[in-house]
Amino acid sequence: MSTETRKPFYLRPPWNILFDFHKLERLTPWEVNIAYLLRSFLEEMEKSGRIDFRASGVALDSSAFIYLMKSRLLLRLEEPPQQPKAALDIVPPPLFLPLRYELTSTTIRHLLEVLDDVLKSERTVLLARQESKPILPEPFNVLPQIDYYMVKIELQMDELYRTLCEMVKGSGIIEFSALIKELPRLEAIRMFIVLLFLAQNGKVGLWQDEESGEIYITIGGLSPAGDKSAA
Amino acid sequence: MPPESVQKAEPASDRLKRALRLIEAALYVAGRPLDLSEICSVLKTRSREKAKKLVKMLMQEYASRDAALEILEVKGERYVMQLKAELTPYIRRIVKRPLLSTGPLKTLSYIALRQPVSQKRVIEVRGRHAYRHISLLKEMGLITSERRGRATVLRTTDYFADYFGLSHDISVMKRELRKTLGEQFADEKNQQQT
Amino acid sequence: MPPESVQKAEPASDRLKRALRLIEAALYVAGRPLDLSEICSVLKTRSREKAKKLVKMLMQEYASRDAALEILEVKGERYVMQLKAELTPYIRRIVKRPLLSTGPLKTLSYIALRQPVSQKRVIEVRGRHAYRHISLLKEMGLITSERRGRATVLRTTDYFADYFGLSHDISVMKRELRKTLGEQFADEKNQQQT
């Protein structure tokens, strides 16, 4: 009972998922409302009157990780899990094969003929294994994953930037709705995320018309607000 | 009476016996229906009539012997040696060669009835384990796959048709299959509805 | 005289005929030598003596029929049905189907030479597609797999040995394989030199 009361509030649901690394790796990111979790976490902490920077840091780190998982899924264009389908077609009963003996033409000679090839690749594998013995300890395995992710983002950013430049022939304004015309929904979301990255790097400007909801993208140092009449 | 040139004149009964043994041997090793021209080539004769007469004699011999094996005629004047179906349940455990289990056999009958059918469709209907069935059936030479744009299309092979003594013409084959599967097929439909 | 309870008392001659047919069926579909315990299991009897007596009768029946097939006893009280060797040259062209295509055959040959070998090692040497080969070879009864701690260990079966006419003893088999392999390489070298 006493341990229960001493346990900090954030180790209880719903906040506990932010503090359990193993759970975090297994969860479906779409089921997590990060904004709600963080807001209520701050509120609870304020209520308790004890500001714990260490816990806040972990919560922030975990939220970033969940966000990363979400973005990664979008970039992979992973479809949401499919609804179980009703039977599509009737499966006929099995066709039982009549039992027949059949002499096959493979002899021990054939078996040994192919062995030569296999032994060659065995030598290659063994040789490669000797050469690639690690000398340094393995780097922390989370880092390469993130690097790979960033490389992919950069590739997507370059590609989108090129497309935008072509559309406006150097400089000008593009409507987001025109950009994603005829694209499937997931592809459009993916493009929007890449666009946010471009904006963060200062490569494009973004401005949203509050009435129509249209987002204007500017390229080539144009100020989005100043040029909205041109759009 | 001394034999007149033993080399040349083998007695007729021996020649007959030898011919029957050759056909028996060919049917045994083939494991599939042989047509008359294949039987002719084994007998080294051009007379299809003669070959046919001899196979029929062998069929009769097998029938009268009441053996575990039978020789049957299938469509297109083709002949096959196989185990009598009623004995299958008793020797099932002995069979080591791929006597396919029910799962792959269902996938096979689905492909046969719906061919040409996309691999995607087969997986949708039969589930992801059907990938293994498909590769097994391909390895056994019962089906082939072919790329058509981004899709993989599956169909049965001539070997499949031969194995079951079915027509090589796909639409005729499907009709034959439906007839074979008919009663069982109807049973299954009823079970799904209940 | 009316038959006394037909259901119960199958005449002895019919029982005998049926037993012979079951053995014939088993030997035919196995395509490999069967030992007495396998024959007992088909006959559903525990008496090895009885099984032996019945196989011998079937052997005699085949011998007297002067057929293309024969039943022989091989090492270790095992019995096999096979084509009489003298007929092989005449029907060779009929035999077209290989046991396996080249890919799975390569995987099989590697397992045979390196057995017992871990599945991981086989995949390293043969590539990821070898997972499919392994499951095919298992399905065909040519190899077996066994868990040892976290590893899966592969080896060939007696069926494999029988198919290629190799010893059931693994170390003897490997010696046989290496010897034949050596001879083959020697042959090839000689051919290349001439």
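Just so we're clear, the structure is a prediction, and the values are computed from it rather than from any experiment.

How each quantity is defined
- What you see as residue numbers is a count from 1 along each chain, following the sequence as written.
- Ligands are numbered from 1 and chains lettered from A, in the order in which they are written.
- Note on the predicted model: pLDDT of at least 70 is required for a residue's local features to be given, and 80 or more for side-chain atom pairs to be given and counted; whole-chain, interface and lining totals, by contrast, use all residues.
- To get the side-chain values, all heavy atoms of the structure are used, and hydrogens and water are removed first.
- In this description a helix means any DSSP run of H or I spanning at least four residues, a strand means any run of E spanning at least two, and both kinds are numbered starting from the N terminus.
- Per-residue accessibility, obtained with a 1.4 Å probe over protein chains only, is compared with the maximum for each type, and a residue is labelled buried under 20%, exposed over 50%, and partly exposed between these values.
- Residue contacts follow a heavy-atom distance rule, with two residues in contact if any of their heavy atoms lie within 4.5 Å.
- To be clear on the numbers: accessible area is Shrake-Rupley with a 1.4 Å probe, and residue cover counts the displayed protein chains and nothing else.
- As a working definition, buried area equals the accessible area (1.4 Å probe) given up by two parts on being put together, with both sides summed.
- When a carboxyl oxygen of Asp or Glu lies within 4 Å of a side-chain nitrogen of Lys or Arg, that pair is called a salt bridge.
- Contacts described as polar in this section are N or O atom pairs within 3.5 Å, which, within protein, must combine one atom able to donate a hydrogen with one able to accept it, while residues neighboring in sequence count only if both atoms come from side chains.
- Lys, Arg, Asp and Glu make up the charged group, whereas Ala, Val, Leu, Ile, Met, Phe, Trp, Tyr, Cys and Pro make up the nonpolar group; the residues left over, Gly among them, are polar.
- What makes two strands pair is DSSP finding at least two bridges between them.
- Taken from the helix axis, the directions to the C-beta atoms give the arc we talk about.
- Known as pLDDT, the predictor's confidence for each residue is given on a scale from 0 to 100.
- Working definition of a nonpolar core: buried Ala, Val, Leu, Ile, Met, Phe, Trp, Tyr and Cys residues. They are joined through side-chain atoms within 4.5 Å.
- Fitting a line to C-alpha atoms yields each axis, with helices limited to the stretch in contact; the angle taken between N-to-C directions then spans 0 to 180 degrees.

### Overview of the overall build of chain B
Alright, step 1. Scanning chain B from N- to C-terminus turns up nine helices and six strands.
Alright, step 2. Within the span of chain B, comprising 194 residues, buried residues form 51% of the whole.
Alright, step 3. Considering only intrachain contacts with a sequence separation of at least 6, the fraction spanning at least 24 residues in chain B is 46%.
Alright, step 4. About 10400 Å² of surface is accessible on chain B, with carbon and sulfur atoms providing 50% of the total.

### Some points on the interface of chain C and chain B
Alright, step 1. Taken together, the contact between chain C and chain B spans 46 residues of the former and 45 residues of the latter.
Alright, step 2. Carbon and sulfur atoms supply 57% of the area buried between chain C and chain B, which totals about 4200 Å² over both sides.
Alright, step 3. It is C:R21, C:Y28 and C:I94 in chain C that bury the most area against chain B; as a group they hold 17% of the surface buried on that side.
Alright, step 4. Our count for the contact surface shared by chain C and chain B stands at nine salt bridges.
Alright, step 5. Between C:E139 and B:R132 there is a salt bridge, with its nearest N and O atoms 3.1 Å apart.
Alright, step 6. Here chain C is connected to chain B by nine residue pairs in polar contact (both at pLDDT 80 or more).
Alright, step 7. Secondary structure elements with two or more residues in the side of chain C that touches chain B: α1 (12-30), α2 (36-43), α3 (48-65), β3 (78-83), α4 (88-91) and α7 (130-139) of chain C.

### Topic: the interface of chain A and chain C
It is common to give the size of an interface as the accessible area lost on bringing the parts into contact.
Alright, step 1. Residue-level contacts link 26 residues of chain A with 30 residues of chain C.
Alright, step 2. Buried surface at the junction of chain A and chain C, both sides included, amounts to about 2700 Å², of which 66% is carbon and sulfur.
Alright, step 3. On the chain A side of the interface with chain C, the three residues burying the most area are A:T106, A:L111 and A:L112, jointly 21% of the side's total.
Alright, step 4. Our count for the chain A to chain C interface comes out at three salt bridges.
Alright, step 5. Its salt-bridge partner being C:K106, residue A:D117 comes within 2.9 Å of it at the nearest N-O pair.
Alright, step 6. Inspection of the region where chain A meets chain C yields nine residue pairs in polar contact (both at pLDDT 80 or more).
Alright, step 7. Across the side of chain A that touches chain C, the residue classes break down as twelve nonpolar, six polar and eight charged.

### Considerations on the pairing of strand β5 (residues 143-148) of chain B
Residues and elements named next belong to chain B.
Alright, step 1. Here β5 runs beside strand β6 (residues 151-156); their pairing, made up of six bridges, is antiparallel. Looking across to β6, one finds that I143 is bridged to T156.
Alright, step 2. Count of turn residues in the β5/β6 antiparallel hairpin: two residues, of which G149 carries a positive phi of about 65 degrees.

### Comments concerning unusual backbone geometry
Residues and elements named next belong to chain B.
Alright, step 1. In the segment running from Q115 into P116, the intervening peptide bond is cis, with an omega of -10 degrees.
Alright, step 2. Positionally, P116 belongs in the loop between α5 (102-114) and β4 (117-118).
Alright, step 3. The phi dihedral of K44 is positive, around 55 degrees, even though this residue is not glycine.
Alright, step 4. Tracing the backbone shows K44 in the loop between α2 (36-43) and α3 (48-65).

### Side note on α7(C)
Alright, step 1. Restricting attention to buried positions, one finds in α7(C) the residues C:A130, C:H133, C:I134, C:L136 and C:L137. Buried residues of α7(C), seen end-on, are gathered within an arc of 165 degrees and therefore sit on one face of the element.
Alright, step 2. Along its buried surface, α7(C) packs onto α7 (130-139) of chain B together with α5 (102-114), α6 (119-126), β5 (143-148) and β6 (151-156) of chain C.
Alright, step 3. Immediately downstream of α7(C), the backbone of C:G141 shows phi near 75 degrees, a positive value.

### Here we look at the confidence of the model for chain B
Residues and elements named next belong to chain B.
Alright, step 1. In the predicted model, chain B carries a mean pLDDT of 84, and 86% of its residues have values of at least 70.
Alright, step 2. Counted against residues more than four places away or in other chains, residues 190-194, with its pLDDT under 50, gives one contact.
Alright, step 3. This complex was scored by the predictor with a pTM of 0.57 and an ipTM of 0.69.

### Quick notes on the sheet that holds β6(B)
Alright, step 1. Judged by pairing direction, the sheet is antiparallel, and its three strands sit side by side in the order β4-β6-β5 (chain B) without closing on themselves. Two strands bound the open sheet, and with one partner strand each, they are β4 and β5 of chain B.

### Considerations on the confidence of the model for chain A
Alright, step 1. Counting all residues, the mean pLDDT for chain A is 76, and 77% of those residues have values of 70 or more.
Alright, step 2. Per-residue pLDDT stays below 50 along residues 224-231 of chain A; that stretch engages in eight contacts with residues further than four places along the chain or on separate chains.

### Overview of the nonpolar core
Across soluble globular proteins, nonpolar side chains have a tendency to be buried as a group.
Alright, step 1. Residues B:Y28, B:L83, B:I91, C:Y28 and C:L83 are the most contacted members of the largest nonpolar core, which totals 66 residues.
Alright, step 2. Judged by nonpolar contacts, the second largest core, of 35 residues, contains A:L115, C:L154, C:F160 and C:M173.

### Here's the deal with the pairing of β6(B)
Alright, step 1. Where β4(B) meets β6(B), two bridges bridge the pair, whose relative direction is antiparallel. Of the residues in β6(B), the one forming a bridge with B:V117 is B:L154.

### Points about the sheet that holds strand β1 (residues 34-35) of chain C
Residue and element names in this part refer to chain C.
Alright, step 1. Pairing within the open sheet is antiparallel, and its three strands lie in the order β1-β3-β2. The sheet is open, and its two edges are formed by β1 and β2 (69-74), each paired on a single side.
Alright, step 2. In this structure, β1 lies alongside β3, joined through two bridges in antiparallel fashion. Residue pairing for β3: D35 is matched across the bridge by R78.
Alright, step 3. Across the face of the sheet, α1 comes into contact with β1, β2 and β3 while running at roughly 65 degrees to β3.

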